[in-house]
Amino acid sequence: MIVCSCNVLSDGDVKACLTPGPGCPRTPAQVYRCLGCSPNCGRCVRTIRAIMDKALADAGAEPAAACQRGCCPTIPAEAAAKPAA
Ligand code: FES
């Protein structure tokens, strides 16, 4: 299902960015960045936030591992490499 019509992002695209761990996007802005775009009208922000919250809760994980797509350059590599405490 398309959740962002401006950038033609699906819920699957958003979920693909979410891998529990230190490099996981924590905000919708980081999800846009992970997917190589930026918000335009902003109508989808709440939906993306809801998808993030549900996906991470379902995973039983703290929000934050490296993006499965390897596309989150804002996350320091050392943060992604830290073991969970
Ligand atoms: S619908 Fe996502 S930025 Fe417009």
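It should be emphasised that the depicted structure is a prediction, and the values quoted were computed from it without experimental measurement.

Glancing now at the overall build of the protein. A tally of helices and strands in the protein yields four helices and two strands. Overall, the protein shows an N-to-C arrangement of helices and strands of β-β-α-α-α-α. The proportion of buried residues among the 85 residues of the protein is 32%. A total accessible area of about 5,000 Å² is found for the protein, and carbon and sulfur atoms account for 55% of it.

The next thing to look at is the environment of Ile51. Within the fold, Ile51 resides in helix α3 (residues 45-58). Along the backbone, Ile51 and Pro28 are 23 residues apart, and their C-alpha atoms lie at a distance of 9.7 Å. Once residues lying within four places of it in the same chain are set aside, the contact partners of Ile51 are Val3, Asp11, Val14, Lys15 and Leu18.

The next point concerns the nonpolar core. Counting 16 residues, the largest nonpolar core has Val14, Leu18, Val31, Ile48 and Met52 as its most contacted members. Elements with a minimum of two residues in this core: β1 (2-4), α2 (28-34) and α3. Ranked by the residues each element gives to this core, the list is headed by α3, at four residues. Discounting chain neighbours no more than four positions away, the residues touching Met52 are Val14, Leu18, Pro25, Arg26, Thr27, Pro28 and Val31.

Cut-off values and rules
- Residues numbered from 1 in each chain as written.
- Predicted model: local features only at pLDDT ≥ 70, side-chain atom pairs only at ≥ 80, totals over all residues.
- Heavy atoms only, no water.
- Helix = DSSP H or I, 4+ residues; strand = E, 2+ residues; numbered from the N terminus.
- Buried < 20%, exposed > 50% of the residue type's maximum accessible area, 1.4 Å probe, protein only.
- Areas by Shrake-Rupley, 256 points an atom, 1.4 Å probe, with all protein chains shown as cover.
- Contact = heavy atoms within 4.5 Å.
- Core = buried A, V, L, I, M, F, W, Y, C linked by side-chain atoms within 4.5 Å.

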